[in-house]
Amino acid sequence: DESLLQLAEGLAGKRLRSLRLSFRLCERIGDVGVRHLASALPSCLIRLDLTLAGCSLGDEALGYLLEDLPGSLSFLALNIVACQLVTDEGLRHFVASLPVSVDLTLNAARTAPISSTSRGEIALNVEPDSALEECSEGRDAGEK
């Protein structure tokens, strides 16, 4: 979480339009770290590709993202595969609360797909937790 605080301090005041960050298997990153990062997202950000697969975060982290997503954001790719503390209810709330103007690509390995939210049918990748072991070159198993 401290490393994300330092990154957040470095992002402060930047005028980035696109940001891609991967913290795959960084078990020391949790809800507090995501709060630091979310609060520092550039206000003019249009595209965010964020991989938090295997991190120690839960529903609270999704709430921090919702609170601080820039109004300019039009695309969000979020990978939270193997985040054991993220619940189906937390995912439903996140998807339902995301502004309609944001195009969402969500990768969250679940035992059952989450669908029929207020945004319509949401298809999540349904993969075993072993999907992390099947990754290559920064792409998740099942992605095309």
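Since the structure is predicted, the reported quantities are computational estimates derived from the model, not experimental observations.

Procedures and definitions
Residue positions are counted from 1 within each chain, in the order its sequence is given. Totals for whole chains, interfaces and linings use all residues, but because this is a predicted model, local features are given only for residues with pLDDT of at least 70 and pairs of side-chain atoms are given and counted only at 80 or more. Excluded from the side-chain calculation are hydrogens and water; included are all heavy atoms of the structure. When DSSP finds two or more bridges between a pair of strands, those strands are recorded as paired. Secondary structure is summarised from DSSP: a helix means a run of H or I of at least four residues, a strand means a run of E of at least two, and numbering begins at the N terminus for each. All axes here are fitted lines through C-alpha atoms, helices being fitted over the stretch that makes contact, and every angle between N-to-C directions spans 0 to 180 degrees. Residue contacts are counted whenever heavy atoms from the two residues lie within 4.5 Å of one another. Throughout this description, the term salt bridge denotes a Lys or Arg side-chain nitrogen within 4 Å of a carboxyl oxygen of Asp or Glu. Nonpolar cores were defined as sets of buried Ala, Val, Leu, Ile, Met, Phe, Trp, Tyr and Cys residues, with membership established by side-chain atoms within 4.5 Å. Only protein chains enter the calculation, and the probe is 1.4 Å; a residue is then buried if its accessible area is under 20% of its type maximum, exposed if over 50%, and partly exposed in between. We call a crossover right-handed when, viewed with the strands running away from us, the connection from the first strand over the helix to the second turns clockwise.

**Q** Please set out the sheet that holds strand E3 (residues 75–79) residue by residue, giving values where relevant.
**A** Strand pairing in a sheet is mediated by backbone hydrogen bonds. Such pairs are either parallel or antiparallel. The four strands are arranged E1-E2-E3-E4 in an open sheet whose pairing can be described as parallel. If you trace the sheet from one side to the other, it starts and ends with strand E1 (18–22) and strand E4 (103–107), each paired once. Put simply, the sheet's adjacent strands are angled 5° from each other on average, direction ignored. As defined by bridge partners, strand E2 (residues 47–51) adjoins E3 across five bridges and the pair is classed as parallel. In the strand pairing of E3, Leu50 is matched with Leu78. Helix H4 (residues 88–97) contacts E3 and E4 of the sheet and is inclined by roughly 165° relative to E4.

**Q** If you had to explain the pattern of salt bridges to someone new, which residues and values would you point to?
**A** Pairing between side chains of opposite charge can happen when their charged atoms approach one another. Applying the stated rule across the entire model yields two salt bridges. Taking the shortest distance from any N to any O, the salt bridge between Asp49 and Arg20 comes out at 3.6 Å. Taken together, the residues Asp49 in strand E2 and Arg20 in strand E1 connect sequence positions 29 residues apart. Between Arg92 and Glu89 there is a salt bridge; the shortest N-O distance is 3.9 Å. Taken together, the residues span about one helical turn, with Arg92 and Glu89 both in helix H4 at a distance of three residues.

**Q** Which residues make up the nonpolar core, and what values do they have?
**A** Residues Leu76, Leu78, Ile80 and Phe94 are the most contacted members of the largest nonpolar core, which totals 37 residues. Breaking this core down by element, the ones donating at least two residues are helix H1 (2–11), E1, helix H2 (31–39), E2, helix H3 (59–68), E3, H4 and E4. Sort the elements by how many residues they give to this core and H3 lands first, with four residues. Not counting residues within four places of it along the chain, the set of residues in contact with Ile80 comprises Leu52, Ala53, Leu57, Leu62, Val86, Leu91, Leu106, Asn107 and Ala108.

**Q** Lay out the pairing of E2 in plain terms, naming residues and giving numbers.
**A** E2 sits mainly inside the fold: four of its five residues count as buried. As defined by bridge partners, E1 adjoins E2 across five bridges and the pair is classed as parallel. In the strand pairing of E2, Ser22 is matched with Thr51. With H2 bridging E1 and its parallel neighbour E2, the resulting β-α-β unit is right-handed. For the handedness criterion, the β-α-β arrangement of E2, H3 and E3 is classed as right-handed.

**Q** Break down unusual backbone geometry for me, with residues and values.
**A** Despite not being glycine, Leu25 has its phi angle at roughly 60°, a positive value. Summarising the element assignment, Leu25 is placed in the loop between E1 and H2. One non-glycine residue with positive phi stands out, namely Ala82, at about 65°. Mapped onto the elements, Ala82 comes out in the loop between E3 and H4.

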